[in-house]
Amino acid sequence: MKLGPGARSQCANAVSALLSSPLHGCQCKRGMKKEKNCLSIYWSLHQSIIHGLNLVESYPYETVQRDYDYVRLASITADSDVGMTTVNRCLDAAKACNVDDLCQKLRTEYVSACIKPTAKSGLCNRPKCNKALRRFFDRVPADYTHELLFCPCTDTACAERRRQTIVPSCSYESQEKPNCITQMRICKADYVCRSRLAQFQYDCEPSETSPNGCKQGNYGACLLAYTGLIGSTITPNYVDNSTSSVAPWCSCSASGSQREECDHFLGSFTDNICLRNALMTFGSESDQQPTLSQPSMPSPSHSSRENRSATSPPDTVETMRSILDTTLPTQALGNELLVGQATLPSNSLPNSASPPSLMLQAAFSLLVLLLHLLNNGH
């Protein structure tokens, strides 16, 4: 209207011309150097949809071409074929991150940024914390980040440690929850946040007719899009340490006439069958290992690992510690667990006497391991 009667047709002609240009169908890579610049181009082209011509896809980021059959990282910290009971995947994920240079470096960086108080206010530097969080989740492979964030917990201590993974007290929490509409408006004013939200809404779109509850049918892509929101104004996280429910830190209590829109936004986290199934499926994968009464037979693919552990005393010691660690109950640990080795050291055994069955299990584990070593020539 402001540009005159011919502006609409001129705009439509420009869109039609772009259909044969290299810009047609262009997308961006999450975490790329000029991500914000790329996304500004994407959203300018996205306006073409109002003219019925789609210059770009409805989601801004390139599809990650990879198999989301996640590697179990427990083998990094428990390199043995000796049978074990249920593995604590949260502790194993932390150990695995610590032995990967990139994961350990960027994890240490964000934890340091999120727990360090500023000189003036004594509070943390929230923008710096969130920037470090985005860097961690954008650059570290999902095999590590997803295990840290989505590992299954069976007790509140483990669940609280999992909730503290992204340091909520600094990254998003405040005395009162802001309104979700306000947070969403702030998000959409930023190209990166707007794009991460659009990607999440696409990859985690629920469907009642889809066999797995996701319209796109890809749990891995949904979880990747979820982690893309961490470090933004709508950062999602576990709401407490007693459930696996997730939501951003906001409320719809004072939404007025926009209550329906607000509830729809919040429901995309709290009442989303696709996201819920993705979280549950990830948490249920390979939680159980062979029990002590039924030791598994070594497979050919593990032969090199066996030889290495049989000839390396340090590996043997670490394996023994890993077996002992799995028999201990989960402990409530502080910030040092976020940065340091995520295992209970040998001097951190509970002060109270262990139940006889627990001690017997630990002793039996050591006995099986020693027999295994003797059989291999030790």
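Heads up: the structure comes first, above all this text.
Residues numbered from 1 in each chain as written. Predicted model: local features only at pLDDT ≥ 70, side-chain atom pairs only at ≥ 80, totals over all residues. Heavy atoms only, no water.

## Things to note about the overall build of the chain
(1) Moving on: Check the secondary structure of the chain and you find 18 helices and 2 strands.
(2) Moving on: Expressed as a percentage of its 378 residues, the buried residues of the chain come to 43%.
(3) Moving on: Contacts in the chain between residues at least 24 apart in sequence constitute 70% of all its contacts with a sequence separation of at least 6.
(4) Moving on: For the chain, the accessible area works out to roughly 20,500 Å², and carbon and sulfur atoms hold 55% of it. (Helix = DSSP H or I, 4+ residues; strand = E, 2+ residues; numbered from the N terminus. Buried < 20%, exposed > 50% of the residue type's maximum accessible area, 1.4 Å probe, protein only. Contact = heavy atoms within 4.5 Å. Areas by Shrake-Rupley, 256 points an atom, 1.4 Å probe, with all protein chains shown as cover.)

## Describing the state of the cysteines
(1) Moving on: For the structure on display, the rule yields 11 disulfides.
(2) Moving on: The side chain of C28 participates in a disulfide bridge whose partner is C38; the two sulfur atoms lie 2.0 Å from each other. Taking the sign of the S-S torsion, about -95° here, the bridge from C28 to C38 comes out left-handed. Within this pair, whereas C28 is found in the loop between helix 1 (7-18) and helix 2 (35-46), its partner C38 is found in helix 2, the two being separated by 10 residues in sequence.
(3) Moving on: Take C26: it sits in no disulfide, and the sulfur closest to it among the cysteines is that of C38, at 6.4 Å. (Disulfide = S-S within 2.5 Å.)

## Notes on the packing of aromatic side chains
(1) Moving on: Within the structure shown, the criterion is met by 9 aromatic pairs.
(2) Moving on: Ring centres of Y59 and Y202 lie 4.1 Å apart, and the angle between their planes is 25°; on these two criteria the pair is classed as stacked. A residue pair is termed long-range when its members are at least 10 positions apart, and Y59 in the loop between helix 2 and helix 3 (74-77) and Y202 in helix 11 (residues 191-203) qualify at 143 residues.
(3) Moving on: Residues F265 and F269 carry aromatic rings whose centres are separated by 5.7 Å and whose planes lie at 75° to one another, so their mutual orientation is edge-to-face. In this pair, F265 and F269 are both assigned in helix 13 (residues 259-270), 4 residues apart and thus about one turn of the helix distant. The burial state of F265 is the same as that of F269; both residues are buried.
(4) Moving on: Three or more aromatic residues joined by ring pairs make a cluster, and in this case those are Y110, F136 and F137.
(5) Moving on: We note R162 situated over the ring of Y238; from NZ or CZ to the ring centre the distance is 4.1 Å.
(6) Moving on: Lying across the ring of W249, K177 places its NZ or CZ 5.1 Å from the centre. (Phe/Tyr/Trp six-rings, centres within 6.5 Å; stacked < 30°, edge-to-face > 60°. Lys NZ or Arg CZ within 6 Å of the ring centre and 35° of its normal.)

## Some remarks on helix 11
(1) Moving on: Taking 1.5 Å of rise per residue, the 13 residues of helix 11 would be expected to cover 18 Å, and the 18 Å separating its terminal C-alpha atoms lies within 8% of that figure.
(2) Moving on: Tucked inside the fold, the buried residues of helix 11 contact helix 2, helix 6 (126-139), helix 10 (180-188), helix 12 (219-227), helix 13 and helix 14 (273-284).
(3) Moving on: One side-chain oxygen at the N-terminal end of helix 11 lies 3.1 Å from the backbone nitrogen of V192; it belongs to D190. (Expected span 1.5 Å × (residues − 1). Polar contact = N/O pair within 3.5 Å; in protein donor to acceptor, adjacent residues only side chain to side chain.)

## Let's talk about the environment of A157
(1) Moving on: One can find A157 in helix 8 (residues 156-163).
(2) Moving on: A relative accessible area of 22% places A157 in the partly exposed class.
(3) Moving on: Distance in space between the C-alpha atoms of A157 and N241 is 7.6 Å, their sequence separation being 84 residues.

## Digging into the packing of helix 7 (residues 142-150) against helix 12
(1) Moving on: Two numbers describe how helix 7 lies on helix 12: the axes approach to 11 Å, and their chain directions differ by 75°. Comparing the axis directions of helix 7 and helix 12 gives the class roughly perpendicular. Taken together, the residues of helix 12 that come into contact with helix 7 (itself represented by A142, H146, L149 and F150) are G220, L223, L224, Y226 and T227.
(2) Moving on: A breakdown of the residues in the contact of helix 7 with helix 12 according to their chemical character gives 6 nonpolar, 3 polar and no charged. (Axes fitted to C-alpha atoms, helices over the stretch in contact; angles between N-to-C directions. Parallel < 35°, antiparallel > 145°, perpendicular 65-115°, else oblique. Nonpolar A, V, L, I, M, F, W, Y, C, P; charged D, E, K, R; others polar.)

## Structural notes on the pattern of salt bridges
(1) Moving on: Taken as a whole and assessed by the stated rule, the structure comprises 11 salt bridges.
(2) Moving on: For R135, the salt bridge is made with E109, and the minimal N-O distance between the two is 3.4 Å. Here E109 lies in helix 5 (residues 101-115) and R135 lies in helix 6, a separation of 26 residues in the sequence.
(3) Moving on: Through salt bridges that share partners, R30, E35, D138 and R196 make up one connected network. (Salt bridge = Lys/Arg side-chain N within 4 Å of Asp/Glu carboxyl O.)

## Details of the nonpolar core
(1) Moving on: Grouped together as the largest cluster of nonpolar side chains are 53 residues, with contacts concentrated most on Y110, L133, F136, F150, F200, F265 and L275.
(2) Moving on: The dominant element in this core, judged by the number of residues it contributes, is helix 5, at 6 residues.
(3) Moving on: Other than its neighbours up to four places away in sequence, Y110 contacts A132, L133, F136, T165, I166 and V167.
(4) Moving on: Membership of the second largest hydrophobic core comes to 12 residues, among which are V15, C38, L45 and Y61. (Core = buried A, V, L, I, M, F, W, Y, C linked by side-chain atoms within 4.5 Å.)

## Digging into the side chain of S195
(1) Moving on: Here S195 shows up in helix 11.
(2) Moving on: Once residues within four sequence positions are removed from consideration, S195 is found in contact with L39, W43, P60 and Y61.

## What about helix 6?
(1) Moving on: End to end, helix 6 covers 20 Å across 14 residues, agreeing with the expected 20 Å (1.5 Å per residue, within 8%).
(2) Moving on: Among all positions of helix 6, only C129, N130, A132, L133, F136 and F137 are buried. Each buried residue of helix 6 lies within a common arc of 160° when the element is viewed along its axis, so the set occupies one face. Seen from the buried face of helix 6, the exposed residues on the opposite side, beyond 90 degrees, are P127, K128 and K131.
(3) Moving on: The secondary structure elements touched by the buried residues of helix 6 are helix 5, helix 7, helix 9 (168-171) and helix 12.
(4) Moving on: The opening residue of helix 6 is N125, an N-cap whose side-chain oxygen sits 3.2 Å from the backbone nitrogen of K128. (Arc of directions from axis to C-beta.)

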